[in-house]
Amino acid sequence: MTLFFLFLGNERFFLADLDGVHMRVLVREQFEWQGIGFGLGFTPFQGVFNAVFPFNLTIVPVFLLQHLLSGDVHLPLSATLFSLEMFAAAWIAGGLVGADRPARIIGSWAVAIVCLPVLSGHPFMASFDRVPFYIDLILYLFVSLLLLKGIRGQSWASDAARALGCAALLNYAAFENPLAVMIVGPAALFFVIAIIAAAADRRERLAKSAAAAAVAVSGIASGALPNVLGGTLFTVPTFFADELLHSQAMPLHASIAYQAATFGSHLGMIAVGGSVIGGLVLLRRGGIGRYERQLLLAHLILVCAIVGGGYLLVRSGWVGPQTRYFELVHWPLYGVLFAVAAIAAIRFAARQAARLLLVTRAHRAALIWGPVTRLPWFAESLALGALITCLAVWGGIPASRQPGFPFPPRHTAITNVLAAETALSPGQAFRGSTATLTGFGDKPGGASWSELHYNDHLLLHATGNDHRTMGLWYFGIPTLTEYSHHSTPQLYFLLDRFLTRPQDRQLRNITIYTRLAPRIMRLLGIRYVISDQPHPELGTPRARLPLPQGGELTLHELEGANLGSWAATRVVTGADVDAFTRWMASHPDLEREAFAFEAIEGPLAPARVSPMVVDGKEIRIAAESDGTSLLVLPVQYSHCLTLRGPGRLVRIDLALAGIVFSTKFEGSLRLDRGPLGAGWCRLADLREMKRLGLGQTGDPAGRRP
């Protein structure tokens, strides 16, 4: 209850800034569009109908419970529940490494408070305040380790129940948050090996090994682990790592131990160093079991690898996930082991003080242990918890920091037009999406996402809307911009090569575009363009928005955009991405001509197409023609798509889906990345792009034709 009221005071810091607000928008979007379930469908507002962002927020327990009870998500209650999850994870983790009860209580309270914004001035780059459901996977991991530890090879029924619990948690985690499973995975594997190695005898070791193998097989059979693997590998850095900006080559991205320069506090280094000292204290003290010792050693080795190896990795130009993400799983043990070190220091100081005061051995023991051992468990918890809470309240009083991304966004003259003309809701026809060309006009030497995002920040505070991401998605306005770790490499290639200036640089999880190319934009379903530069070739703007700092935003309409209504009558075939690039650079008429990597029998006839209707996991399509026709859809092609209807699904123009049909087509495209086999489809996408030579040729310095 205390935590709840504390979060009420700091609600504006929970799910704040770009990442946090993104999660708030996605929670609402996924419940509305996907419904509750394990499968993920199309994301209707980002990119070109890619698979939804790699979090299934409809099965996050904290969000799901509130949605079922009230139909909405309450931020202070969510923060409180996530904090309780972190407390539970730290309590279990402390028991697994042999910490005593006072250390587990103090450490669990401390990490539960620090990980989420009870404090107004966050001392760490925690990430939990923006993506709190990472805590779910940390809790699942330590519960699974506790279950695995309990497998002894003595009762097959008991062991099978524990293994089943581990399998359920693994599969649930993999479908809830496949991105975080990849982050938690290395530590999980290391801890599992440590538990198996600590088995008392051969029988127990075989039982634990069999259980771990069965859990892994269940993850493969359900498609959960292939889904994680495919989502991890079928990404932009896999194909274009040498082109990406090394934006995180700073020590603060390696570990919280290096964040003093950014946050003005050495608490990160103190927390990591204190936890290492606490671990060494436990190892030296003795009295802990073989499982506790092995897990403690595994934790210390991993922490050294993250802090030391992570520093070297980010300095080397690493463009993958920040190594501090792999550190998140160790936070519960940071809290508990720091408490072990603190209690040991206090006890040592008390002994030295008693010795200086010439107190007898018996009196020293009574002085140190008496007050603690006489308190019942609940009173001890209450007293220590109250102490930590008071410290948190005291530290949270000067709430001077303000969130960097005010929410919710406000309507402007531009978003009013877009909402009326293109806003999308389930079961509605697709009416086009929007491309934002702002923030780079005064940067002839080149721009990256950082410069564009800074400009969006200025626009947001000046107009109440950033006009690129959340300011449009919140109102149901589809955009070409996609903010996702699982952006597809083929769409990256198309945007980077044909819609971006040669001097601009890309990041791994958001692809910028800085060139007006109406021909290609129309192909991708772009109907409107927001710009802060004049474009007389586009005619009179549909809307204007004067800016306080000078200049204006304009909204232009691109006539004839592909709303699922294009049918090519000529097809050019080629064997690889290089052939496609040469063809696209020759400026073909993309409404009538298409590029395919397989033969499509002709002649092809024009088609009469009904509006493309979008639902959460399917897009309904209806068309007629006087012969064989090829529909070119503003939908990304993937092996995860299922075509329902009398036609054939083909890859068109590298990134898009095409449907070949004769005379009449009534059916749908369905995307459902869920259990039982669907997880393998991203690996099939990966193999196809490798076969077509994506990312294998070209010079990054002059890569745009």
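The rules behind these values
Residues numbered from 1 in each chain as written. Predicted model: local features only at pLDDT ≥ 70, side-chain atom pairs only at ≥ 80, totals over all residues. Heavy atoms only, no water. Buried < 20%, exposed > 50% of the residue type's maximum accessible area, 1.4 Å probe, protein only. Helix = DSSP H or I, 4+ residues; strand = E, 2+ residues; numbered from the N terminus. Pairing = 2+ DSSP bridges. Contact = heavy atoms within 4.5 Å. Axes fitted to C-alpha atoms, helices over the stretch in contact; angles between N-to-C directions. pLDDT = per-residue confidence, 0-100. Phe/Tyr/Trp six-rings, centres within 6.5 Å; stacked < 30°, edge-to-face > 60°. Lys NZ or Arg CZ within 6 Å of the ring centre and 35° of its normal. Arc of directions from axis to C-beta. Salt bridge = Lys/Arg side-chain N within 4 Å of Asp/Glu carboxyl O. Core = buried A, V, L, I, M, F, W, Y, C linked by side-chain atoms within 4.5 Å. Disulfide = S-S within 2.5 Å.

### Concerning the pairing of strand 2 (residues 433-437)
Then, in step 1: The element strand 2 is largely enclosed, with a buried count of five among its five residues.
Then, in step 2: By the alternation rule, side chains of strand 2 split into S433, A435 and L437 and T434 and T436, which are all buried.
Then, in step 3: Looking at chain direction, strand 2 and strand 3 (residues 526-531) are connected through five bridges and run parallel. Residue pairing across strands places T434 opposite Y528, the latter belonging to strand 3.

### Concerning the side chain of Q66
Then, in step 1: On the secondary structure map, Q66 appears in helix 3 (residues 61-70).
Then, in step 2: Assessed through its relative accessible area of 4%, Q66 is described here as buried.
Then, in step 3: Setting aside chain neighbours within four positions, we find Q66 in contact with G71, D72, V73, H74, L77 and S78.

### What to know about the sheet that holds strand 5 (residues 552-557)
Then, in step 1: Overall, mixed pairing links the four strands, which are arranged 2-3-5-4 in an open sheet. Lying at the two open borders of the sheet, with one neighbouring strand each, are strand 2 and strand 4 (543-546). In this sheet, neighbouring strand axes are inclined to one another by 15 degrees on average, regardless of whether the strands run parallel or antiparallel.

### Here we look at the confidence of the model for the chain
Then, in step 1: Put simply, the chain has an average pLDDT of 86, and 87% of its residues get 70 or more.
Then, in step 2: Of the regions scoring below 50 in pLDDT, residues 391-401 engages in 18 contacts with residues more than four places distant in sequence or in other chains.

### Structural notes on the packing of aromatic side chains
Then, in step 1: The full count for this structure, using the stated rule, is 27 aromatic pairs.
Then, in step 2: Relative to F240, the ring of F239 has its centre 6.3 Å away and its plane inclined at 40 degrees; by these criteria the two rings are tilted.
Then, in step 3: Residue class for F240 comes out buried when judged on its relative accessible area of 1%.
Then, in step 4: Each ring, one from F661 and one from F665, has its centre 6.2 Å from the other, and the planes form 50 degrees; the classification is tilted. Taken as a pair, F661 and F665 share a single burial class, namely buried.
Then, in step 5: In this structure an aromatic cluster arises from ring pairing among F55, F63, F82, F133 and Y134.
Then, in step 6: Its guanidinium or amino end placed over the ring of W91, R104 lies 3.9 Å from that ring's centre, counting from NZ or CZ.

### A look at helix 19 (residues 413-422)
Then, in step 1: Restricting attention to buried positions, one finds in helix 19 the residues I414, T415, V417, L418 and T422. For helix 19, the angular spread of buried residues about the axis comes to 155 degrees, placing them on one side.
Then, in step 2: Residues of helix 19 that are buried in the fold lie against strand 2, helix 21 (470-473), strand 3, strand 4 and strand 5.

### Let's talk about the pairing of strand 12 (residues 641-644)
Then, in step 1: Only one face of strand 12 is covered, namely the one carrying L641 and L643; the face carrying T642 and R644 has none of its residues buried.
Then, in step 2: Note: strand 12 against strand 14 (residues 656-671), four bridges, orientation antiparallel. Paired with R644 across the bridge in strand 14 is S668.

### Quick word on the pattern of salt bridges
Then, in step 1: Counted according to the given criterion, the structure contains 26 salt bridges.
Then, in step 2: Residue E688 pairs with R651 through a salt bridge whose shortest N-O separation is 2.9 Å. Of the two residues, E688 sits in helix 25 (residues 681-691) while R651 sits in strand 13 (residues 647-652), which places them 37 residues apart along the sequence. Across this residue pair, the class does not change: E688 and R651 are buried.
Then, in step 3: Linked by salt bridges that have partners in common, R152, E204, K208 and R290 make up one network.

### Let's talk about the nonpolar core
Then, in step 1: Core analysis: the largest hydrophobic core is formed by 98 residues, its most contacted members being L524, F580 and L630.
Then, in step 2: Excluding residues within four positions of it along the chain, L524 makes contact with V48, S433, L480, L494, L495, L499, P634 and L656.

### Focus: the environment of P406
Then, in step 1: Mapping P406 onto the fold places it in the loop between helix 18 (377-396) and helix 19.
Then, in step 2: For P406, a relative accessible area of 35% translates into the label partly exposed.
Then, in step 3: Along the backbone, P406 and A16 are 390 residues apart, and their C-alpha atoms lie at a distance of 7.9 Å.
Then, in step 4: Beyond its immediate stretch of four places on either side in the chain, P406 contacts L460 and H461.

### A word on the state of the cysteines
Two cysteines whose sulfur atoms are joined by a covalent bond form what is called a disulfide.
Then, in step 1: Per the counting criterion, the structure on display carries one disulfide.
Then, in step 2: Paired through a disulfide, C640 and C681 show a sulfur-sulfur distance of 1.9 Å. Torsion about the S-S bond of the C640 and C681 cystine: about 85 degrees, corresponding to right-handed handedness. Taken together, the residues span a long stretch of sequence, with C640 in the loop between strand 11 (618-636) and strand 12 and C681 in helix 25 at a distance of 41 residues. With respect to class, C640 is no different from C681; both count as buried.

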